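Inside the fold
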Amino acid sequence: MSPEVALVATWLLLGLMVGNGLWVAWDARRRGKPLGEVIAWGLFSTAFFGIGLALYLMWGRHLPSENNDRKS
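Residues numbered from 1 in each chain as written. Predicted model: local features only at pLDDT ≥ 70, side-chain atom pairs only at ≥ 80, totals over all residues. Heavy atoms only, no water.

1. A few points about the nonpolar core
What counts is decided by this rule: We call a set of buried Ala, Val, Leu, Ile, Met, Phe, Trp, Tyr and Cys residues a nonpolar core when their side-chain atoms join them within 4.5 Å. Three labels apply to residues, based on accessible area from a 1.4 Å probe with only protein chains included: buried if under 20% of the type maximum, exposed if over 50%, partly exposed otherwise in between. Segments assigned H or I by DSSP are reported as helices when at least four residues long, segments assigned E as strands when at least two residues long, and all are numbered from the N terminus.
Ranked by size, the top nonpolar core spans six residues in total: Val24, Ala25, Ala28, Val38, Trp41 and Tyr56. Counting residues per element, the ones that place at least two in this core are α1 (3-30) and α2 (35-47). In terms of residues, this core owes the most to one element, α1, which gives three residues.

Have a look at this one:
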């Protein structure tokens, strides 16, 4: 593999990881999660690219948020 192809692949993967983390953080914030939890989910899903997104979709979206707690 040439160095140019490896560099492009690296930047693409890094872009996907950062985009994934930003989307998860945005979605968590939109669902009313506290700021600390938004940051934690965003960093976790960025660091653990596929696993972090899967865990957030299966588990994190279904946790009660502050807004839901106040309505009860």
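2. Focus on the side chain of Ser45
Stated formally: Contact between two residues is taken to exist if any of their heavy atoms lie within 4.5 Å; hydrogens are not considered.
Assignment of secondary structure puts Ser45 in helix α2. Residues contacting Ser45, with those up to four places away along its chain left out, are Asn20, Gly21, Val24, Gly52 and Leu53.

3. Regarding the UniProt feature "transmembrane region" (unreviewed entry) in the protein
Selection rule: UniProt positions are given in the numbering used here, feature names are shortened, and annotations may be inferred rather than shown by experiment.
Here, the residues flagged by UniProt with the feature "transmembrane region" (unreviewed entry) are residues 6-26 and 38-59. Secondary structure across residues 6-26 divides into 100% helix and 0% strand, with the first and last C-alpha atoms of the span separated by 30 Å. Span residues 38-59 is 91% helix and 0% strand, its end C-alpha atoms 14 Å apart.

4. Description of the pattern of salt bridges
Convention followed: A pairing counts as a salt bridge when a side-chain nitrogen of Lys or Arg comes within 4 Å of a carboxyl oxygen of Asp or Glu.
Applying the stated criterion across every chain yields a total of two salt bridges. The residue Arg30 makes a salt bridge to Asp27 at a minimum N-O spacing of 2.6 Å. Taken as a pair, Arg30 and Asp27 lie in helix α1 at a separation of three residues, close to a single helical turn. For Arg31, the salt bridge identified is with Asp27, shortest N-O distance 3.1 Å. Linked by salt bridges that have partners in common, Asp27, Arg30 and Arg31 make up one network.

5. Topic: the packing of α1 against α2
A pair of packed helices is characterised by two quantities: the angle between their axes and the separation of those axes. Operational definition: In this analysis an axis means a line fitted to C-alpha atoms, helices contributing only their contacting stretch, and an angle means the value between N-to-C directions, from 0 to 180 degrees. Every angle not falling under 35 degrees, over 145, or within 65 to 115 is termed oblique; those three ranges are roughly parallel, roughly antiparallel and roughly perpendicular. Two helices that cross are described as forming a left-handed crossing if the nearer one is turned anticlockwise from the farther one by less than a right angle, and a right-handed crossing if clockwise. When residues are grouped by polarity, Ala, Val, Leu, Ile, Met, Phe, Trp, Tyr, Cys and Pro land in nonpolar, Asp, Glu, Lys and Arg in charged, and all others, Gly among them, in polar.
As a packed pair, α1 and α2 sit with axes 8 Å apart at the nearest point and diverge in direction by 155°. As far as their axial angle goes, α2 and α1 are roughly antiparallel. In terms of crossing hand, the pair formed by α1 and α2 is right-handed. Taking contact as the criterion, the partners of Met17, Val18, Asn20, Gly21, Val24, Ala25, Ala28 and Arg29 in α1 are, on α2, Leu35, Val38, Trp41, Gly42, Ser45, Thr46 and Ala47. Looking at the contact of α1 with α2 residue by residue, the class counts come to nine nonpolar, five polar and one charged.

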